[in-house]
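Each chain, written out:
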Amino acid sequence: MTSPEWAFVALGSNEGDRQRYLRLGRNALARARNTRFVAATAVIETEPLGNRPQPAYLNQMVLLHTEMPPRALLRLCQRVEDRAGRVRRERWGPRTLDLDIVLYGDREIDEADLQVPHPELANRPFWLRQLAALAPAVRAHSVSLRPA
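Remember, predicted model here, so these are calculated numbers, not experimental data. (Residues numbered from 1 in each chain as written. Predicted model: local features only at pLDDT ≥ 70, side-chain atom pairs only at ≥ 80, totals over all residues. Heavy atoms only, no water.)

Draft legend 1. Representation of the overall build of the chain. When you go through the chain residue by residue, the secondary structure sums to three helices and seven strands. When the helices and strands of the chain are listed from N to C terminus, the series reads β-α-β-β-β-α-β-β-β-α. Relative to the compact-globule value of 15 Å for 148 residues, the chain shows a C-alpha radius of gyration of 15 Å, a close match. Overall, the C-alpha framework of the chain stretches about 50 × 30 × 25 Å when taken along its three principal axes. Considering the chain as a whole, with its 148 residues, one finds that 49% of them fall into the buried category. Long-range pairs, those at least 24 residues apart, make up 71% of the contacts in the chain with a sequence separation of at least 6. In the structure as shown, the chain presents an accessible area of about 7,900 Å², 51% of it carried by carbon and sulfur atoms. (Helix = DSSP H or I, 4+ residues; strand = E, 2+ residues; numbered from the N terminus. Rg over C-alpha atoms; globule rule 2.2 N^0.38 Å. Buried < 20%, exposed > 50% of the residue type's maximum accessible area, 1.4 Å probe, protein only. Contact = heavy atoms within 4.5 Å. Areas by Shrake-Rupley, 256 points an atom, 1.4 Å probe, with all protein chains shown as cover.)

Written out as structure tokens, the structure is:
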């Protein structure tokens, strides 16, 4: 098992019952092994990225304190997306549920299917605002959760 790390996961949905899909994602992350669900931002609505006409997204970001390695967290996110009926058709296309690892501690990962920090972070101002909203939760819990 690894030392606990802070993980920021973005949730998005623009197909079907968007609120229900976000709730499904939050609940699955909250029940993950060796993981503590610390906080979540408010749900916001955003315009879709890309050039394809599609419905607006509901977005939210959650903060986890986890012992899961980044790749295990990615697999969990993909399983939850699959449970929500996500079909991967095209980049930036509509989806029932999208779970993106935005940050994982201070790690930098550059693999074909896992990039951390998320490569689109700088292009999504709402993610930057959500990270800032969650930062006080990190500070409030750092003393009790981080090893000495």
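Draft legend 2. Seen up close, the packing of aromatic side chains. Applying the stated rule across the entire model yields one aromatic pair. Where F126 meets W127, the ring centres are 6.3 Å apart and the plane angle is 70°; that geometry is what we call edge-to-face. Exposure remark for F126: the relative accessible area of 11% places this residue in the buried category. A cation over a ring is seen here: R20 above Y21, with NZ or CZ 4.7 Å from the ring centre. Its end group placed over the ring of W127, R124 keeps NZ or CZ at 4.5 Å from the ring centre. (Phe/Tyr/Trp six-rings, centres within 6.5 Å; stacked < 30°, edge-to-face > 60°. Lys NZ or Arg CZ within 6 Å of the ring centre and 35° of its normal.)

Draft legend 3. Representation of the confidence of the model for the chain within the structure. Looking at the chain, the pLDDT average stands at 89 and 91% of residues meet or exceed 70. The element-level mean pLDDT for the chain is lowest in helix α3 (residues 125-145), coming to 79, with helix α1 (residues 18-30) highest at 97. (pLDDT = per-residue confidence, 0-100.)

Draft legend 4. Just the packing of α1 against helix α2 (residues 70-83), in detail. In the contact formed by α1 and α2, the axes pass within 10 Å of each other and the chain directions differ by 145°. Here α1 and α2 pass one another in a crossing that is right-handed. Side by side, α1 and α2 meet where L24, G25, A28 and L29 of the first sit next to L73, L76, C77, V80 and R83 of the second. Its residues placed into classes, the contact of α1 with α2 shows seven nonpolar, one polar and one charged. (Axes fitted to C-alpha atoms, helices over the stretch in contact; angles between N-to-C directions. Left-handed = near helix turned anticlockwise from the far one by under 90°. Nonpolar A, V, L, I, M, F, W, Y, C, P; charged D, E, K, R; others polar.)

Draft legend 5. Just the nonpolar core, in detail. In terms of nonpolar packing, the biggest core is built from 26 residues, with V9, L29, L73 and I101 touching the most fellow members. Those elements giving two or more residues to this core turn out to be β1 (5-13), α1, β4 (57-66), α2, β5 (98-104) and β7 (114-116). Looking at which element gives the most residues to this core, the answer is α2, with six residues. Grouped together as the second largest cluster of nonpolar side chains are 15 residues, A39, L63, F126 and L134 included. (Core = buried A, V, L, I, M, F, W, Y, C linked by side-chain atoms within 4.5 Å.)

Draft legend 6. A look at the environment of S3. Checked against the element boundaries, S3 lands in the segment before β1. Each C-alpha atom of the pair S3 and P119 lies 25 Å from the other, and the pair is 116 residues apart in sequence.

Draft legend 7. Looking closely at the pairing of β4. The buried count for β4 comes to 10 of 10 residues, which makes it a mostly enclosed element. Residues Y57, N59, M61, L63 and H65 of β4 are buried on one face, and the alternating residues L58, Q60, V62, L64 and T66, pointing to the opposite face, are buried as well. The pairing of strand β2 (residues 35-40) with β4 spans five bridges and is classified as antiparallel. Paired with F37 across the strands is L64, a residue of β4. Sheet analysis places strand β3 (residues 44-46) next to β4, joined by three bridges and oriented antiparallel. Residue E45 lies in a different strand from β4, and its bridge partner there is L58. (Pairing = 2+ DSSP bridges.)

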